[in-house]
Amino acid sequence: MSEFVYSEKPIEIVEGNGPYLYDDNGTEYLDMGASYACVPLGHGHDRVTDAITTQLSDLTYVQGSYPVAVRSQLYETLGHVAPGDIGKVWLCNSGTEANESALKFARAATGDTKIIATVQGFHGRTMGALSATWKEKYRDPYKPLLENVEFVQYNDADAMAKAVDDDTAAVIVEPIQGEGGINPASTNFMKMIRELTTEAGAALILDEVQTGLGRTGKLWACEHVDVVPDILTSAKGLGNGLPIGATMCRDWIAEEYGDHASTFSGNPLISAAAEATISTITEEHFPVHAAEIGTYLQKQLEVELDNRVRDIRGEGLMVGIEVKRGANRILQELAMNHRILALPAGRTVVRLLPPLIINKNQADRVVDALGEIVE
């Protein structure tokens, strides 16, 4: 089944250490994708490993109606680090489930049904999140999906103003589109959505599944534009490789969230990993490091690649390089000839989402390799 779902790479990974992965022949690869930003602290981070090991010896799982200290601590930590007055937390197992929950919560709290999403947006593959995901290739096999979902051009404030009305339950948007090509939202667009949803009594959902936890140089990407949503979703890097998602809400959403549950919500073992991950990222100031290395990386790419690529864009260590020819060829050459693993974002964008722990020497290695490949 895995061969059906995923396009398998010709490299069997058996070990990871920091920003490096190793195949079954012992070949070392610099991991510049972090498995779609899932390991912000790199592979085998001591603090996360210790937290998992300690919790494993005490309690692997008990269902959510029983209080568990590590789960309660994670609720408190997420409420503390969430932007603005977001303080209520729902834990789940993935980014798509976090977004699925967000859409349900918004409909329950507002009593409305219309969902507005954006062109090129990606929010997951379960039926609700998929309904708000733009690309038809993801959606077509599963139609009919949710009704009353409308797509608006990303960064088009005028179009958004026409779309939001009294029937709108929520606008869901990524502060920087990941799968859609590393497209940052403008400050004006984000602030306009905030104003429009407030006036309409609708929820603003910010999907920070990929952008959150320091990747863009702030703990949350919405902090770049000084916008606080009603619901913020997080996942991917939250457990540094272990499966977890979080839907964080303002009080007015949480008070009317409806009846929603999940068997493994707040699993103690996963909660321990997430608590260690968040604490390490904040205490060791990794957002600041991501901003510094990300700025350096983008500047070096601009100098090296110059007019040989169409664009270099992103924030912090979320970087997209729009090339003139197919991105997959470049990614293959990076992996096979330079031992660097990166990601696509569509057919023409090379996506760099390295662990936040990378340094300038490792960034230089990527720049030099791309300089040799890109023509």
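Since the model is a prediction, treat every value here as computed from it, not as a measurement.

Thresholds applied
Residues numbered from 1 in each chain as written. Predicted model: local features only at pLDDT ≥ 70, side-chain atom pairs only at ≥ 80, totals over all residues. Heavy atoms only, no water. Buried < 20%, exposed > 50% of the residue type's maximum accessible area, 1.4 Å probe, protein only. Helix = DSSP H or I, 4+ residues; strand = E, 2+ residues; numbered from the N terminus. Pairing = 2+ DSSP bridges. 1 Å grid on protein atoms, 1.4 Å probe; cavity = no way out; pocket = protein on both sides within 12 Å on 5 of 7 lines; lining within 4 Å. Points joined across faces, edges and corners; volume = space filled by probe spheres on them. Nonpolar A, V, L, I, M, F, W, Y, C, P; charged D, E, K, R; others polar. Salt bridge = Lys/Arg side-chain N within 4 Å of Asp/Glu carboxyl O. Axes fitted to C-alpha atoms, helices over the stretch in contact; angles between N-to-C directions. Parallel < 35°, antiparallel > 145°, perpendicular 65-115°, else oblique. Left-handed = near helix turned anticlockwise from the far one by under 90°. Contact = heavy atoms within 4.5 Å.

Now for the pairing of strand S14 (residues 318–322). Burial runs high along S14: 4 of the 5 residues are buried. Where strand S13 (residues 311–315) folds back onto S14 in an antiparallel hairpin, the turn is made up of 2 residues, including Gly316, whose phi is positive at roughly 55°. By the bridge criterion, 4 bridges tie S14 to strand S17 (residues 349–352) in an arrangement that is antiparallel. Looking at S17, one finds that Ile321 is bridged to Val350.

Taken as a whole, the second largest pocket holds about 170 Å³ of empty space. Every residue lining the second largest pocket is listed: Gly64, Pro67, Val68, Arg71, Ser72, Tyr75, Trp90, Ala261, Ser262, Thr263 and Ser265. By residue number, the principal contributor to the lining of the second largest pocket is helix H4 (residues 69–81), which donates 3 residues. In terms of residue class, the lining of the second largest pocket is built from 5 nonpolar, 5 polar and 1 charged.

Further remarks concern the pattern of salt bridges. With the rule as written, the count across this model stands at 13 salt bridges. Residues Arg313 and Asp311 are paired through a salt bridge, measuring 3.0 Å at the closest nitrogen-oxygen approach. When its relative accessible area of 15% is taken as the criterion, Arg313 is described as buried. Several salt bridges converge on common partners, so that one network encompasses Asp85, Arg194, Asp230 and Arg250.

Okay, the packing of helix H12 (residues 286–305) against helix H14 (residues 360–373) next. Running from N to C, H12 and H14 point in directions that differ by 25°, and their axes come no closer than 10 Å. Comparing the axis directions of H12 and H14 gives the class roughly parallel. You can see that H12 and H14 cross each other, and the crossing is right-handed. Contacts between H12 and H14 involve Glu292, Ile293, Tyr296, Leu297, Gln300, Leu301, Glu304 and Leu305 from the former and Lys360, Ala363, Asp364, Val367, Leu370 and Gly371 from the latter. A per-class count over the contact of H12 with H14 returns 8 nonpolar, 2 polar and 4 charged.

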